[in-house]
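Coordinate analysis (summary)
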Amino acid sequence: MVAVLSTIGLLMGLYVAWRLFWPLRMPTTLKVVLSLLLVGVAVQLRIVATFWGTMASPEIPKLAIATLATGSTAVLLLALVLLLLDAALLASRLLRWPRALSVLRAPKLRPVCAVLALLLSGYGVSQGMAVPKPRQVEVDIAGLPAAFDGYRVLQLTDIHASRLLTGDWVRRVVDESNALKPDLIVITGDLIDGSVEARRDDARPLADLRAPDGVIAITGNHEYYAQYQAWMQAFRALHMQVLENSHLQVRRGDAALTIAGVTDPVAARYGLPLPDLEAALAGADPSAPVILLDHRPRNAREAAARGVKLQLSGHTHGGQIIGMDQLVKRANGGYVSGRYDVDGMTLYVSNGAGLWAGFPARIGVPSEITLVTLRRAP
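Here goes a summary of the coordinates provided. (Residues numbered from 1 in each chain as written. Predicted model: local features only at pLDDT ≥ 70, side-chain atom pairs only at ≥ 80, totals over all residues. Heavy atoms only, no water.)

1. Quick notes on the overall build of the protein chain
Along the backbone of the protein chain there are 12 helices and 12 strands. In terms of principal-axis extent, the alpha carbons of the protein chain reach across some 80 × 50 × 40 Å. Buried positions account for 53% of the 378 residues belonging to the protein chain. Restricting to contacts in the protein chain with at least 6 residues of sequence separation, those with at least 24 account for 75%. As presented, the protein chain carries roughly 17300 Å² of accessible surface, and 60% of it is formed by carbon and sulfur atoms. Of the charged side chains in the protein chain, 37 are positive and 30 negative; the average position of the first set lies 13 Å away from that of the second. (Helix = DSSP H or I, 4+ residues; strand = E, 2+ residues; numbered from the N terminus. Buried < 20%, exposed > 50% of the residue type's maximum accessible area, 1.4 Å probe, protein only. Contact = heavy atoms within 4.5 Å. Areas by Shrake-Rupley, 256 points an atom, 1.4 Å probe, with all protein chains shown as cover. Lys, Arg positive; Asp, Glu negative; His and termini not counted. Charge placed at Lys NZ, Arg CZ, Asp CG, Glu CD.)

2. Here's the deal with a nonpolar patch on the surface
On the surface, a cluster of nonpolar side chains totalling about 430 Å² of accessible area is made up of W18, W22, V32 and L36. Of note, V32 is situated in helix α2 (residues 28-42). Given a relative accessible area of 36%, V32 falls into the partly exposed group. (Patch = residues over 30% accessible without salt bridge, like charges linked within 9 Å, V, L, I, M, F, W, Y side chains within 5 Å. Salt bridge = Lys/Arg side-chain N within 4 Å of Asp/Glu carboxyl O.)

3. Concerning the sheet that holds strand β5 (residues 240-242)
The 6 strands lie next to each other as β1-β12-β2-β3-β4-β5, forming an open sheet whose pairing is mixed. Because the sheet does not close on itself, it has two edges, and the strands there are β1 (133-141) and β5. Recorded for the sheet is a direction-independent mean angle of 25° between the axes of neighbouring strands. Strand direction decides the pairing type here: strand β2 (residues 152-156) and strand β3 (residues 184-188), joined by 4 bridges, are parallel. For L154, the partnering residue across the bridge sits in β3 and is I185. (Pairing = 2+ DSSP bridges. Axes fitted to C-alpha atoms, helices over the stretch in contact; angles between N-to-C directions.)

4. Description of the sheet that holds strand β7 (residues 255-261)
Strand order in the open sheet formed by 6 strands is β6-β7-β8-β9-β11-β10, with mixed pairing between adjacent strands. Both outer strands of the open sheet, β6 (246-252) and β10 (338-342), are each paired with one neighbouring strand and no more. Strand-to-strand, the axes of this sheet are offset by a mean angle of 20°, without reference to chain direction. As paired elements, β6 and β7 share 7 bridges and run antiparallel to each other. The residue bridging R252 from the neighbouring strand is A255, located in β7.

5. Describing unusual backbone geometry
Backbone geometry places Q320, a non-glycine residue, at a positive phi of 70°. Within the fold, Q320 resides in the loop between β9 (310-313) and α12 (325-328). Although it is not a glycine, D343 adopts a positive phi angle of roughly 50°. Summarising the element assignment, D343 is placed in the loop between β10 and β11 (345-349). The class of D343 is exposed, set by a relative accessible area of 53%.

6. Structural notes on empty space enclosed by the protein
On inspection of all chains with the given rule, the structure shows 1 cavity of 30 Å³ or more. The calculated volume of the largest cavity comes to roughly 50 Å³. If you trace the largest cavity, you find it lined by Q44, L45, V48, P58, I60, I65, L68, A69, A357 and G358. Only α3 (44-51) and α4 (62-95) provide two or more residues apiece to the lining of the largest cavity. (1 Å grid on protein atoms, 1.4 Å probe; cavity = no way out; pocket = protein on both sides within 12 Å on 5 of 7 lines; lining within 4 Å. Points joined across faces, edges and corners; volume = space filled by probe spheres on them.)

7. A word on the packing of helix α8 (residues 196-203) against helix α9 (residues 228-237)
Two numbers describe how α8 lies on α9: the axes approach to 11 Å, and their chain directions differ by 25°. Classed by the angle they form, the pair α8 and α9 counts as roughly parallel. Like other packed secondary-structure pairs, α8 and α9 cross with a definite hand, here right-handed. On α9, the residues that touch V196, R199 and A203 of α8 are A230, W231 and A234. In terms of residue class, the contact of α8 with α9 is made up of 5 nonpolar, no polar and 1 charged. (Parallel < 35°, antiparallel > 145°, perpendicular 65-115°, else oblique. Left-handed = near helix turned anticlockwise from the far one by under 90°. Nonpolar A, V, L, I, M, F, W, Y, C, P; charged D, E, K, R; others polar.)

8. What to know about the pattern of salt bridges
Using the criterion set out here, one finds 15 salt bridges in the structure. For R163, the salt bridge goes to E59, with nearest N and O atoms at 3.8 Å. Placement of R163 in the loop between β2 and α7 (167-179) and of E59 in the loop between α3 and α4 is noted, with a sequence separation of 104 residues between them. For the salt bridge of R296 with D264, the shortest nitrogen-to-oxygen distance reads 2.8 Å. Residue R296 is found in the loop between β8 (290-293) and α11 (300-305), and its partner D264 is found in the loop between β7 and α10 (277-281); the two are separated by 32 residues along the sequence. One continuous salt-bridge network, built from bridges that share partners, spans E59, R163, R199 and D202.

9. A closer look at the pairing of β9
Judged by which residues are buried, β9 turns out to be covered on both faces: L310 and L312 on one side and Q311 and S313 on the other are all buried. The pairing of β8 with β9 spans 3 bridges and is classified as parallel. Bridge pairing in β9 links L292 to Q311. Viewed along the sheet, the connection from β8 through α11 into β9 turns out right-handed. Pairing geometry for β9 and β11, over 4 bridges, is parallel. Its bridge partner lying in β11, S313 is registered against V349. (Right-handed = clockwise from strand over helix to strand, strands pointing away.)

Below is the structure:
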């Protein structure tokens, strides 16, 4: 994955430099210098990871991360725009449309697009760093005990505490979450980026999450990239009940809900337990409706076949940028954002609270804190 991202960034940088700088009238030396700078920005994550931190967790100042991310996102956006312009230019030549050719060859067109891409990228990174707003969802569940009608489950996912989304930001997310007064808080993975030592202060506010039935968490893929076992201990020290292919019950008198959680498939790289829904549900009360916490949404049909009533997932970040959802959903079973009916089971995929610092831009896909209210199905 690291090699793929680096290669894509390099190719985009070279293409943008070729189409943006080389048609301009300026000294060749200046073109070379500008091209090298642009390519460097396009592959900035690889450069930073080589000297300061890792691809998962760049360990440089917040302002530097935001600035570099703005530049690399602008390169991505501009590469897409230039591809469209070049395709239109080719079509105009083949169809012999002189007026369109004149517009597409205008010398200022590409520089103007570059400025607009940079402005849009800056906006996107600012939205990626914004404190998420609450999003409220009601879910009908067949067989839900009357005691749980109106039960409020708050879902946090993809917090990605890092040098970009620091402890102050996490504190504001915690305050927003507590203000909703949920009955239960669940966190569906990717809480942090980096080692326990590096993120200790940034993760500490999570200890202040409050709900009568506590805080339940599962792992996402990013927990595995740095000290998985140490983070499991750290999360439990922050008063979270961590489910690793296991379940627990929430009770209201004689009525019960089963909350089950599975691990993440990236565990295979580290010789750790793969997600195992059968193990997670082993011994569960067959009369209690099951809510499954699974970081990735792609196995929702398997969960539905096992009788799960509600699956809560994240991982996709909602696609982050309008249009990117069409690519993201292909890697996630066709699920990317919001509510889905999957063979009678409700799947909810949250856009997430935060973002990975390597690509922290949101354009038209807002972050969220999700409050799910359970209702008895008619």
